[in-house]
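# Architecture at a glance
If you want the building blocks of each chain, they are given just below.
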Amino acid sequence: MDEDFSKTLDECFKILEENVDVLAQLEMNLEEEKEDELVPNMELHNLIDMTQDVAEFSKIKRAESNLIKRHAEEKF
C-alpha cells in the first residue's frame, strides 16, 4: 500500500514539474492583462512608480517560479 502511494506521489510530482513553467506563465499572463489598463493623464512620478512596481512584481514571480522548480527537483 505504501509503495503504491509513493509511486502515485512520484507521478504527481513529475506531472507538476513538467507543468510548472506553463502554470507560471499562465499566471503571469493573467496578471499582465489586469495591468494593461490605460489610465489617461498620468503624472511622470506615477509612471515611474508603476514601472518599479512591475519590475519588482516580475522579480518576485520569477523567484517564486524558481523556488517551485527547485522544490520539485528535490523531490526526485
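Located above this text is the structure these notes cover.
First things first, this report covers the structure right here in the doc. Sequence order as written defines the numbering, with residues in each chain counted from 1. With pLDDT at 70 or above as the cut-off, local features in this predicted model cover only qualifying residues; side-chain atom pairs require 80 or more to be listed or tallied, and sums for whole chains, interfaces and linings still use all residues. Think of the side-chain values as coming from all heavy atoms in the structure, minus any hydrogens and water.

### Considerations on the environment of phenylalanine 13
Put simply, the rule reads: Helix and strand assignments follow DSSP, with helices taken as H or I runs no shorter than four residues and strands as E runs no shorter than two, numbered in order from the N terminus. Each residue gets one of three labels from its accessible area relative to the maximum for its type: buried under 20%, exposed over 50%, partly exposed in between, using a 1.4 Å probe on protein chains only.
One can find phenylalanine 13 in helix H1 (residues 2-35). Judged by relative accessible area, which is 19%, phenylalanine 13 ranks as buried. Put simply, phenylalanine 13 and histidine 71 are 58 residues apart on the chain and 9.8 Å apart in space, counted from C-alpha to C-alpha.

### With respect to a negative patch on the surface
For clarity, the cut-off: Only residues whose relative accessible area exceeds 30% and that take part in no salt bridge are eligible for patches, with like-charged residues grouped when within 9 Å of each other and nonpolar side chains (Val, Leu, Ile, Met, Phe, Trp, Tyr) grouped when within 5 Å. We get accessible surface area from the Shrake-Rupley algorithm with a probe of 1.4 Å; when it comes to residues, only the shown protein chains can shield them. The term salt bridge refers to a pairing of a side-chain nitrogen on Lys or Arg with a carboxyl oxygen on Asp or Glu at a separation within 4 Å. For the purpose of counting charges, residues Lys and Arg are taken to be positive, whereas Asp and Glu are taken to be negative. His and the chain ends are not included. Lys charges are placed at NZ, Arg charges at CZ, Asp charges at CG and Glu charges at CD.
A cluster of acidic residues, Glu17, Glu18, Glu73 and Glu74, forms a negative patch on the protein surface. Broken down by secondary-structure element, the contributors of at least two residues to the negative patch are H1 and helix H2 (44-74). By the element assignment, glutamate 18 lies in helix H1. Since its relative accessible area comes to 61%, glutamate 18 is described here as exposed.

### A few points about a nonpolar patch on the surface
A surface patch of nonpolar side chains, amounting to about 350 Å² of accessible area, comprises Leu16, Val22, Leu23 and Leu26. Mapping valine 22 onto the fold places it in helix H1. Relative accessible area serves as the criterion here: at 48%, valine 22 is assigned to the partly exposed category.

### Structural notes on the side chain of lysine 61
Worth spelling out the cut-off: We call two residues contacting when some pair of their heavy atoms lies within 4.5 Å.
Mapping lysine 61 onto the fold places it in helix H2. On the accessibility criterion, lysine 61 (15% relative accessible area) is buried. Once you skip the residues sitting within four places of it in the chain, lysine 61 turns out to touch Glu27 and Met28.

### Focus on H2
Selection rule: A helix is expected to span 1.5 Å for every residue after the first.
Taking 1.5 Å of rise per residue, 31 residues should cover 45 Å, and H2 covers 45 Å from first to last C-alpha, within 8% of that figure. Those residues of H2 not exposed but buried are Lys61, Ser65 and Ala72.

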